[in-house]
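The residues making up each chain are set out below.
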Amino acid sequence: MSAFTQTLTLANGTAIPQLGFGTWMIDNADAGPAVQAALAAGYRHLDTAQDYGNEQGVGAGIRASGIAREEIFLTSKLLAQHKNYADAQAALAQSFVDLDVDYIDLMLIHAPQPWTDFRESNHYFEGNLAAWQAMEELYHAGKIRAIGVSNFEEADLQNLLDHAEVQPMVNQVLAHISNMPFALIDFCRARRIAVEAYSPLGHGVMLRNPALADIAAHYGVSVAQLCIRYCLQHGLIALPKTAHPAKMRENAAVDFEISAADMAALDALPAIEHYGEVATFPIYGGKKHLDGTYTARYFNRRDLLK
C-alpha cells in the first residue's frame, strides 16, 4: 500500500491521510510552487498555519495544481496569540480569505499559550475555550470538517475535554525518533485524539545520527525515510517538510516495514539534549504587520518537549 493512500479515521469519522506535506518556513512566494510539486508527487494532505504567513501561497498552489479540492485534505492553525472569541473568530474568517477556499478540513489552535508565554505557568484555559468556541461554530456550520490543537499538553487537553461541546480530534506535536512523547500519545489515544508528528526528522538533526544511518542502511532506505516510517508505524500522522521535489518523492517512498526489534531499539535511543545549530528558531510574538511579516523572537526547541 502506498503511503499516499494510508488514512486514519478521526473521532468524527473524517478520514485523514497519514502522510502529509508540511509548509513551515516556506515563504509565501515559494509556497505555491512547493504545494504544486507536492500534489504532483502524490501528496493529498497539506499543512499550513496563520503563523507561517503562507496561506495565500498554499491556496494558490492548490488552485494551480488542477487537483480537485475535495481530493485534498487541508489543515491550518489559528494564531497562538488569540485567546478570546472575537479575535479567534476574525482570524478564522481571514484564513478562508487568504486560502480562498470554501471549507478547511482541519483547523487547530496552534499552541495553548501565546508564543510570548509558551510553556510558562499560565495555561490560558478560559482563552482556549473561547477560541475553541469560535472553531466549534464553524465546525457545526460545515465550514471546518474537523477541529483540534497543536502543542497541547495533558492539562490543556483535559480543559477542552471537560468543558467543550466538541472534543478535540487531533493534537499536533513535535515527535521524532529519540524524542517521542509516549505518555502524551497514550493519553490522546485513550481519548480518541489522533496525534500528528511535526518535524519527524528532528529538524534535520536525525539525518546526521550514525546509529540511524546503520539501521537505515539495513533496509536500503535513507535516514529520512526511516524517521518517517517510524512515526507511521507508531500510528502517528507524519508531516515532513521540504521544498525540493526530489526530497518530496523520497519522503513518500516509505513502503517498508521496520522490524519490532528495530522499533524497540529506536524507541530506546537517548533523548536529544540539544539540537545544535538549529537549537533556536523564530516564533511570532506580535501582531501581523501590514507587509505580511511578524515580529519574531527566538525560542529553544527543547521547550517544545516540556
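Note that the coordinates shown come from a computational prediction; the quantities given were computed from them, not determined experimentally.

### Remarks on the environment of isoleucine 228
Inspection of the secondary structure assignment puts isoleucine 228 in helix 8 (residues 223–233). Residues isoleucine 228 and asparagine 251 lie 23 residues apart in sequence; the distance between their C-alpha atoms is 7.2 Å.

### Here we look at the UniProt feature "site: Lowers pKa of active site Tyr" (unreviewed entry) in the protein
Here, the residues flagged by UniProt with the feature "site: Lowers pKa of active site Tyr" (unreviewed entry) are Lys77. Mapped onto the secondary structure, lysine 77 falls in strand 5 (residues 73–78). When its relative accessible area of 0% is taken as the criterion, lysine 77 is described as buried. Every residue in contact with lysine 77, bar those within four places of it in the chain, is listed here: Asp47, Thr48, Ala49, Gln50, Tyr52, Met107, Leu108, His110 and Gln172.

### Some words on unusual backbone geometry
A positive phi angle, close to 65°, is found at arginine 119, a residue other than glycine. Exposure remark for arginine 119: the relative accessible area of 15% places this residue in the buried category. Even without being glycine, asparagine 151 reaches a positive phi, approximately 65°. Relative to the assigned elements, asparagine 151 resides in the loop between strand 7 (144–150) and helix 5 (154–163).

### Things to note about the UniProt feature "binding site: substrate" (unreviewed entry) in the protein
Per the UniProt record, "binding site: substrate" (unreviewed entry) is found at His110. Residue contacts for histidine 110: discarding those within four places in its chain leaves Ala49, Asp51, Tyr52, Lys77, Leu78, Ala80, Trp115, Ser150 and Asn151.

### Here we look at the pairing of strand 9 (residues 194–198)
Burial analysis of strand 9 places 5 of its 5 residues in the buried class, the great majority of the element. Judged from the 5 bridges that link them, strand 8 (residues 170–174) and strand 9 form a sheet pairing that is parallel. When the bridges of strand 9 are listed, valine 170 appears paired with alanine 194. Note that the unit made of strand 8, helix 6 (residues 182–190) and strand 9 has a crossover that is right-handed. Pairing between strand 9 and strand 10 (residues 237–239): 3 bridges, direction parallel. Residue glutamate 196 lies in a different strand from strand 10, and its bridge partner there is isoleucine 237.

### What to know about the nonpolar core
Leu46 and Trp132 are the most contacted members of the largest nonpolar core, which has 86 residues in total. By residue number, the principal contributor to this core is helix 8, which donates 8 residues.

### A look at helix 6
Every buried residue of helix 6 is listed here: Leu184, Ile185, Phe187 and Cys188. Down the axis of helix 6, the buried set is contained in an arc of 160°. They therefore lie on one face. Exposed side chains of helix 6 directed beyond 90 degrees from the buried face belong to Ala183 and Ala190. Here the buried face of helix 6 lies against helix 5, strand 8 and strand 9. At the C-terminal side of helix 6, arginine 192 shows a positive phi close to 60°.

### Some thoughts on helix 1 (residues 28–41)
Between its first and last C-alpha, helix 1 extends 20 Å over 14 residues, near the 20 Å set by a 1.5 Å rise per residue. Regarding helix 1, the residues found buried are Ala31, Gly32, Ala34, Val35, Ala38 and Leu39. Looking at the residues trailing helix 1, positive phi occurs at glycine 42, about 125°.

### Structural notes on the pattern of salt bridges
Scanning all chains against the criterion turns up 7 salt bridges. Across the pair aspartate 47 and lysine 77 runs a salt bridge whose closest N-O atoms are separated by 2.6 Å. Residue aspartate 47 is located in strand 4 (residues 45–47), and its partner lysine 77 is located in strand 5; the two are separated by 30 residues in the primary sequence. For the pair aspartate 47 and lysine 77, one class covers both residues: buried. Between arginine 229 and glutamate 257 there is a salt bridge, and its shortest N-O distance comes to 3.0 Å. Taken together, the residues arginine 229 in helix 8 and glutamate 257 in the loop between helix 9 (245–252) and helix 10 (260–267) connect sequence positions 28 residues apart. Classification of glutamate 257 as exposed rests on a relative accessible area of 54%. Through salt bridges with shared partners, one network takes in Arg69, Asp105 and Arg145.

About the criteria used
Residues numbered from 1 in each chain as written. Predicted model: local features only at pLDDT ≥ 70, side-chain atom pairs only at ≥ 80, totals over all residues. Heavy atoms only, no water. Helix = DSSP H or I, 4+ residues; strand = E, 2+ residues; numbered from the N terminus. UniProt positions renumbered as here; feature names shortened; annotations may be inferred. Buried < 20%, exposed > 50% of the residue type's maximum accessible area, 1.4 Å probe, protein only. Contact = heavy atoms within 4.5 Å. Pairing = 2+ DSSP bridges. Right-handed = clockwise from strand over helix to strand, strands pointing away. Core = buried A, V, L, I, M, F, W, Y, C linked by side-chain atoms within 4.5 Å. Arc of directions from axis to C-beta. Expected span 1.5 Å × (residues − 1). Salt bridge = Lys/Arg side-chain N within 4 Å of Asp/Glu carboxyl O.

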